[in-house]
Amino acid sequence: MKVFITGANRGIGAGFVRHYLAEGHDVWACYRSDLGELAGIDSEHLHTLYWNVATDLKPQGELPEKIDLLINNAGIYGPGKDGQSLENVTAEAMLEVFNVDCIGPLRVVKCLRRRFADTAVIANVSSKMGSSADNSSGGTYAYRAAKAGLTIVSKSMAMDLSVENIHVITLHPGWVETDMTNQTGLIDVETSVKGMTRVIAGADRYESGSFIAFDGKLVPY
Ligand SMILES: NC(=O)c1ccc[n+]([C@@H]2O[C@H](COP(=O)([O-])OP(=O)(O)OC[C@H]3O[C@@H](n4cnc5c(N)ncnc54)[C@H](OP(=O)(O)O)[C@@H]3O)[C@@H](O)[C@H]2O)c1
C-alpha cells in the first residue's frame, strides 16, 4: 500500500509513519520545518517531502503515482487555552488555525486528487474538540471551530468522492501525549496510532463521512 501522511516529522504523524513502515508499506511522509523523527528512520520504503499545508504552494519532492491511503494529520492548536477564551481570542488566531486545520486538508486533497487509487481511503485527523455534541466546557474558539470545519469538509469530500470509490473518514486520536498537549495526554502515540490504524483498516465498516475515535466509537458531531 502507498501511504501519504502530512505533519509526519513528530507526534502522531511520526507514529503513523513508523506503524505503516513496520507493516511493510511504502510511506510518503511530509514535513514542514525539519525532518525531526524522520531523520532517524533508515528505510528504503520511506520517501520524504516538504509541504507546508498553510499555503497553496505545491509539495517539494517526488509524489507517488497512486495513493491508497492519505492521512491528513498536520495541524496546530493555536494560542494556549487562555489565548482562545471569549475575552482573548482574536480574528488573527481564528484565521490562522482555520487555515492550517481546515483549509490545509482541503488543499492536500485538491492537489492529490488525480493520484488516488481505486478504493483509496482518506483519513482526516480532526478532534472531539470540534464536536458540538461533545462541547460541554466552551472556550477554545479557534481550535474547536477549525476542527468542526474540517469534519464538515470531510463529509463533503465523502459525498463528492464516493463516485470514485474513495472512502473518507474523520478521526479523533484521543487525548495523546505529544507536543500539542505538552505531553499531558491520557494515552501515548503508539496507543492512539494502533487504534486509528485499526479503524482505517476497517474503514469500509463505517459510512463514508463518519467521525470515528481511536477506540472505534462513532463521534457525534
Ligand atoms: N495530541 C492530541 O491529543 C490530539 C487530539 C486531537 C486531535 N489531534 C490532532 O492530531 C494531529 C496531530 O497532532 P499531534 O498531537 O501529533 O501534534 P504535534 O505534535 O504538535 O504535531 C503537529 C504536526 O503538524 C505539523 N504541522 C503544523 N502546521 C503545519 C503546516 N502548516 N504544514 C504542514 N505541517 C504542519 C507539525 O510540523 P512542524 O514540526 O513543522 O510544526 C507536526 O508535524 C493534529 O491534527 C491535531 O490537531 C491531536
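Everything numeric here is computed off the predicted structure, so don't read it as measured data.

K.L.:
Explain the site of the ligand to me, please; I cannot follow it from the model alone.
P.N.:
As a matter of local geometry, the ligand sits amid 29 residues, with G7, G11, A74, G75 and T178 nearest to it. Broken down by element, the residue count for the shell around the ligand peaks at three residues, all from helix α1 (residues 11-22).

K.L.:
Hey, could you run me through the sheet that holds strand β4 (residues 67-72) in this one?
P.N.:
Pairing between the strands of a sheet comes from backbone hydrogen bonds, and it takes one of two forms, parallel or antiparallel. Ordered by their spatial adjacency, seven strands build an open sheet running β3-β2-β1-β4-β5-β6-β7, and the pairing between neighbours is parallel. In the strand order of this sheet, the two ends are held by β3 (46-50) and β7 (211-213), each with one partner. Strand-to-strand, the axes of this sheet are offset by a mean angle of 20 degrees, without reference to chain direction. Strand direction decides the pairing type here: strand β6 (residues 167-172) and β7, joined by three bridges, are parallel. When the sheet's bridge partners are listed, H172 is paired in β7 with A213.

K.L.:
Looking at this structure, how should I read the packing of helix α2 (residues 91-112) against helix α3 (residues 141-161)?
P.N.:
The packing of two helices is summarised by the inter-axis angle and the distance between the axes. Close contact between α2 and α3 brings their axes to 8 Å; oriented N to C, the two are set at 20 degrees. Taken together, the axes of α2 and α3 lie roughly parallel to each other. In the crossing of α2 with α3, the sense of the turn from one axis to the other is right-handed. The residues of α3 that touch α2, namely those facing A93, M94, V97, F98, D101, C102, P105, L106 and V109, are Y141, A142, Y143, A145, A146, K147, G149, L150, V153 and M157. The residue inventory of the contact of α2 with α3, partitioned by class, reads 16 nonpolar, one polar and two charged.

K.L.:
Even after reading the chapter, I still don't get the packing of α1 against helix α4 (residues 189-201), so can you show me in this structure?
P.N.:
Contact geometry of α1 with α4 gives a least axis separation of 9 Å together with a crossing angle of 60 degrees. The orientation of α1 relative to α4 falls into the category oblique. When you trace α1 past α4, the crossing you get is right-handed. The segment α1 lies against α4, with G11, I12, G15, F16 and H19 engaging V189, E190, S192, V193 and T197. Its residues assigned to classes, the contact of α1 with α4 shows four nonpolar, five polar and one charged.

K.L.:
Where do I start with the nonpolar core in this structure?
P.N.:
In globular proteins that are soluble, nonpolar side chains generally tend to be buried together. Counting residues in each nonpolar core, the largest one holds 59 residues, and the members touching the most others are I5, A8, V17, A29 and I122. Those residues in contact with V17 that lie beyond four places of it in its chain are I5, A8, V27, A29, L38 and I41.

K.L.:
Could you clarify how one ought to interpret unusual backbone geometry in this entry?
P.N.:
A positive phi angle is found at T119, which is not glycine, with a value near 65 degrees. Note that T119 resides in strand β5 (residues 116-125). Judged by C-beta crowding, with 12 C-beta atoms within 10 Å, T119 ranks as exposed. Unusually for a residue other than glycine, N182 sits at a positive phi of about 50 degrees. Within the fold, N182 resides in the loop between β6 and α4. A tally of 9 C-beta atoms within 10 Å means that N182 is categorised as exposed.

Reading guide: rules and limits
Residues numbered from 1 in each chain as written. Predicted model: local features only at pLDDT ≥ 70, side-chain atom pairs only at ≥ 80, totals over all residues. Near = placed C-beta within 6 Å. Helix = DSSP H or I, 4+ residues; strand = E, 2+ residues; numbered from the N terminus. Pairing = 2+ DSSP bridges. Axes fitted to C-alpha atoms, helices over the stretch in contact; angles between N-to-C directions. Parallel < 35°, antiparallel > 145°, perpendicular 65-115°, else oblique. Left-handed = near helix turned anticlockwise from the far one by under 90°. Contact = placed C-beta atoms within 7 Å. Nonpolar A, V, L, I, M, F, W, Y, C, P; charged D, E, K, R; others polar. Core = buried A, V, L, I, M, F, W, Y, C linked by C-beta atoms within 7 Å. Buried ≥ 20, exposed ≤ 12 C-beta atoms within 10 Å, placed from the backbone.

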